[in-house]
Amino acid sequence: MTARATRIGYQGDITLPHRDEWELYHNNFSLCSKKLRVCLAELGLPYRSHHINLIETGCYENVGRDYLAINPAGLVPVLLHCGHPIYESHEEIVYAAAHAGSRGEELMPEDPNARAEVEHWIDRASLVGKDPTKGTDQRAGHCIPGLTLPIFAAMVQHISTREILKGLLSHPNKERPLIFLTLKWMGIRGLPRLAPAMRLLRRSLRHMGQHLDALGKQLDKHGGPWITGERFTLADVSWMVILDRLVETDWDGVLWGGDARPKVAAYWRRLAGRESYLAAVLEMRCPITRQGIAAVKQAKASDQSLRDAFEGK
Ligand SMILES: N[C@@H](CCC(=O)N[C@@H](CS)C(=O)NCC(=O)O)C(=O)O
């Protein structure tokens, strides 16, 4: 293990029950979980999968006793290596690459300049700290919660109010069940009446546009096809799941459709053509997410004022 790999979110003093060298606790909708699944697919590392439901995909399995023993913070994903947990998806992918031999070195270069560039783009796509809705201007990852609100509002229509209410007792962060209850009651068409949600959504959309402008310039700087040039790296893994979420939540049209940001549009087409995207993201979309995607599109298509409210027109 490299010195760098021992410094990151690896909890070597904790050993959890395990059967395989690599085990992943993850959720099919969660962006950070997708990052891990894509990364492990790109590295060719086989792993034992433990799917953990979040309220948006069914129930609060992530704050049940069994899962809190894996991660007391109740968050996914958690990567186990020989039973030792690694927390924080942006650190887990670096850890996994550090243990994946030459393929790992391709995805996370050793050369300090190349590595610093990859680290910058991983960080810009990360969700860091207790409130990732702050600092949307600093990180594209922090724009994601706000931009996910419409599909959350659609997805929770499939979850009973009783199930969401359970979170008020069990979730360490009571704000989360309250947000989901509000989204359940208001529905996607009621979102424009929630002023704080709309402020977050519009700020996130504006800042995401700026991050994508920066991404376009970066793709120009090296001439592509990937963020740091010829090589596909962990930076591209991190941005694949950001762009996927923007497609899932129907922001791709406004952000890179038509004449807007053609470099980003072409980059997205390359990402979406990778086998890892098909296997670790597309084929794992759950029915609630598929229904949510359709509901967001349908609501915006049938109500121009809703579309205008979301897009800040
Ligand atoms: N910084 C963490 C963020 C993890 C996180 O926020 N996970 C979300 C899903 S993407 C989660 O588990 N949410 C469940 C909840 O808060 O109830 C990481 O990158 O792994």
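Just so we're clear, the structure is a prediction, and the values are computed from it rather than from any experiment.

Right, let's get into the packing of helix H7 (residues 144-155) against helix H15 (residues 287-302). Contact pair H7 / H15: the axes reach a minimum separation of 8 Å and the direction vectors enclose 115°. Read as a crossing pair, H7 and H15 show a hand that is right-handed. Contacts from Pro150, Ile151, Ala154 and Met155 in H7 reach Ile288, Thr289, Gly292, Ile293, Ala295 and Val296 in H15. Partitioned by chemical class, the residues of the contact of H7 with H15 number eight nonpolar, two polar and no charged.

What follows concerns unusual backbone geometry. Look at the link from valine 76 to proline 77: it is a cis peptide, with omega at 0°. Topologically, proline 77 is positioned in the loop between helix H3 (65-68) and strand S3 (78-81). Glycine 224 connects to proline 225 through a cis peptide bond whose omega is 0°. Looking at where proline 225 falls in the secondary structure, it is placed in the loop between helix H10 (195-222) and helix H11 (234-248). Positive phi is not limited to glycine here, since glutamate 88 has a value of about 80°. At arginine 261, a residue that is not glycine, the phi angle is positive and equals roughly 50°. Tracing the backbone through its elements, the reader meets arginine 261 in the loop between helix H12 (252-256) and helix H13 (262-272).

Definitions and cut-offs
Residues numbered from 1 in each chain as written. Predicted model: local features only at pLDDT ≥ 70, side-chain atom pairs only at ≥ 80, totals over all residues. Heavy atoms only, no water. Axes fitted to C-alpha atoms, helices over the stretch in contact; angles between N-to-C directions. Helix = DSSP H or I, 4+ residues; strand = E, 2+ residues; numbered from the N terminus. Left-handed = near helix turned anticlockwise from the far one by under 90°. Contact = heavy atoms within 4.5 Å. Nonpolar A, V, L, I, M, F, W, Y, C, P; charged D, E, K, R; others polar.

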